[in-house]
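Observations on chain architecture
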Amino acid sequence: MPVLPGAEPFRHEGGEVGVLLCHGFTSTTQSMRPWAEYLAEQGLTVSVPLLPGHGTRWQDMQLTGWQDWYAEVDRALRELLDRCTKVFVFGLSMGGALTLRLAARHGDAVSGIVLVNPVNKINDPMAFALPVAQHFLRSTPGIASDIAKPGVAEVGYTRVPTRAAASLRQFLRLVDTELPQVTQPVLLLHSVQDHVVNPADSARILARISSTDVTETLLEQSYHVATLDHDAERIFADSFAFVGRLAESVGREGAASGG
């Protein structure tokens, strides 16, 4: 199947500091592209993989599960670790959960993480029925484009495949048990109004991780897909400042690239 326009993987070869960006469930790299391009302009090496089953049609996602999505970001992280001296991982929504697992499993190899509206639990009252529902209900209405900014749309599926949603639920329960293994510096930004992920998820993540260098920022003008919303520029600038604080070479790279 051809990839939807704007959903293509993104890669930029920059300096010795790398950033991996992980997009969300049923979404695509399009939700991360402006963020990735901003970081690339600052001279960083940037990778935004398209998760398996995403960016084509929702039926393709029925054939994939969390093991496939995690394997893809793990592969992309290892590529950056081979190429860069410091690597950071950023994630939106389910991409935040993928980021947390990468941090838990790779330890000090990940220099820091940035989370935007990370999901910790599927809060739909019917979520408990997913293991059974997936066998007779193929999909439910989509969750894409929860954006406050007028005229902005997210490239994502109009339907949520229930088999994939059941796999996501399983993955989130696994990640929750691994949160105490996360020790890296963390920047977490979450929207006051989010119609996809409950703000309580951010509170639980912050309560369970073991990181001591933690910054929490409220996004008051954006909904769930904040990377395409009113607070996008703040997210971009704050995340780059976060990297710059932890990687001394970043400022020199940015100056050298003219960013």
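Structure: above.
Notes on the structure in this doc start here. (Residues numbered from 1 in each chain as written. Predicted model: local features only at pLDDT ≥ 70, side-chain atom pairs only at ≥ 80, totals over all residues. Heavy atoms only, no water.)

With that settled, consider the overall build of the protein. Regarding its fold elements, the protein presents nine helices and nine strands. The C-alpha radius of gyration computed for the protein amounts to 17 Å, which stays within 12% of the reference 18 Å derived for 259 residues, consistent with globular compactness. Considered along the principal axes of its C-alpha atoms, the protein spans approximately 55 × 40 × 35 Å. By the burial criterion, 56% of the 259 residues in the protein qualify as buried. In the protein, of all internal contacts separated by at least 6 residues, the share reaching a separation of at least 24 is 78%. Accessible surface for the protein amounts to roughly 10,800 Å². Of this, 52% is attributable to carbon and sulfur atoms. Distance from the positive charge centre (21 side chains) to the negative charge centre (28 side chains) of the protein: 7 Å. (Helix = DSSP H or I, 4+ residues; strand = E, 2+ residues; numbered from the N terminus. Rg over C-alpha atoms; globule rule 2.2 N^0.38 Å. Buried < 20%, exposed > 50% of the residue type's maximum accessible area, 1.4 Å probe, protein only. Contact = heavy atoms within 4.5 Å. Areas by Shrake-Rupley, 256 points an atom, 1.4 Å probe, with all protein chains shown as cover. Lys, Arg positive; Asp, Glu negative; His and termini not counted. Charge placed at Lys NZ, Arg CZ, Asp CG, Glu CD.)

The subject of this paragraph is the packing of aromatic side chains. Aromatic ring pairs: the centre-centre distance and the angle between the two ring planes describe each pair. For the coordinates displayed, the defined rule picks out seven aromatic pairs. Seen in terms of ring centroids, tyrosine 38 and phenylalanine 236 are 5.8 Å apart; in terms of plane orientation they differ by 35°. Their pairing is tilted. Residue tyrosine 38 is located in helix 1 (residues 33-41), and its partner phenylalanine 236 is located in helix 8 (residues 232-246); the two are separated by 198 residues in the primary sequence. Take tyrosine 38: its relative accessible area is 24%, and that puts it in the partly exposed class. Classification of phenylalanine 236 as buried rests on a relative accessible area of 8%. Measuring from centroid to centroid gives 6.2 Å for phenylalanine 88 and phenylalanine 242, while their planes differ by 70°, and the two rings are edge-to-face. Highlighted residues: phenylalanine 88 in strand 4 (residues 86-92) and phenylalanine 242 in helix 8, separated in sequence by 154 residues. Taken together through their ring pairs, the aromatic side chains of Trp35, Tyr38, Phe90, Phe236 and Phe240 make up a single cluster. Just above the ring of tyrosine 70 sits the side chain of arginine 101; from NZ or CZ to the centre is 4.7 Å. (Phe/Tyr/Trp six-rings, centres within 6.5 Å; stacked < 30°, edge-to-face > 60°. Lys NZ or Arg CZ within 6 Å of the ring centre and 35° of its normal.)

In this section: the nonpolar core. Ranked by internal contacts, the top residues of the largest apolar core, which has 42 residues, are Leu20, Phe25, Trp69, Leu100 and Ile113. Discounting residues that sit within four places of it in the chain, leucine 20 has contacts with Ser47, Pro49, Val73, Ala76, Leu77, Leu80, Phe88, Val89, Phe90 and Leu102. Of all hydrophobic cores here, the second largest spans 32 residues; its members include Val19, Met32, Val48 and Val116. (Core = buried A, V, L, I, M, F, W, Y, C linked by side-chain atoms within 4.5 Å.)

For the rest of this paragraph, the subject is helix 6 (residues 162-178). Over its 17 residues, helix 6 extends 25 Å from the first C-alpha to the last, a length consistent with the 24 Å expected when each residue adds 1.5 Å. Every buried residue of helix 6 is listed here: Thr162, Ala164, Ala165, Ala166, Ser167, Leu168, Phe171, Leu172, Val175, Asp176 and Glu178. (Expected span 1.5 Å × (residues − 1).)

We now examine the side chain of serine 222. By the secondary structure assignment, serine 222 is in the loop between strand 9 (214-219) and helix 8. Taking relative accessible area as the criterion, serine 222 reaches 2% and is therefore assigned buried. At 3.4 Å, the side chain of serine 222 and the backbone nitrogen of histidine 230 are in polar contact. (Polar contact = N/O pair within 3.5 Å; in protein donor to acceptor, adjacent residues only side chain to side chain.)

Quick look at helix 1 now. The set of residues buried in helix 1 consists of Trp35, Ala36, Leu39 and Ala40. Taken end-on, helix 1 shows its buried residues confined to a sector of 135°, consistent with a single buried face. In this structure, the buried residues of helix 1 make contact with strand 1 (10-12), strand 2 (17-22), strand 3 (45-48), strand 4, strand 5 (112-116) and helix 8. The positive-phi residue at the C-terminal boundary of helix 1 is glycine 43, with phi of around 95°. (Arc of directions from axis to C-beta.)

Counting across every chain of the model gives 13 salt bridges. Residue glutamate 13 is joined to arginine 83 by a salt bridge in which the shortest nitrogen-to-oxygen separation is 2.8 Å. Within this pair, whereas glutamate 13 is found in the loop between strand 1 and strand 2, its partner arginine 83 is found in helix 3 (residues 66-83), the two being separated by 70 residues in sequence. Take glutamate 13: its relative accessible area is 45%, and that puts it in the partly exposed class. Put simply, arginine 208 and aspartate 176 hold a salt bridge, and the shortest N to O gap is 3.4 Å. One end of the pair, arginine 208, is in helix 7 (residues 200-208); the other, aspartate 176, is in helix 6, with 32 residues separating them in the sequence. Note on aspartate 176: relative accessible area 13%, which makes it buried. Through salt bridges with shared partners, one network takes in Arg11, Glu13, Glu72, Arg75, Glu79 and Arg83. (Salt bridge = Lys/Arg side-chain N within 4 Å of Asp/Glu carboxyl O.)

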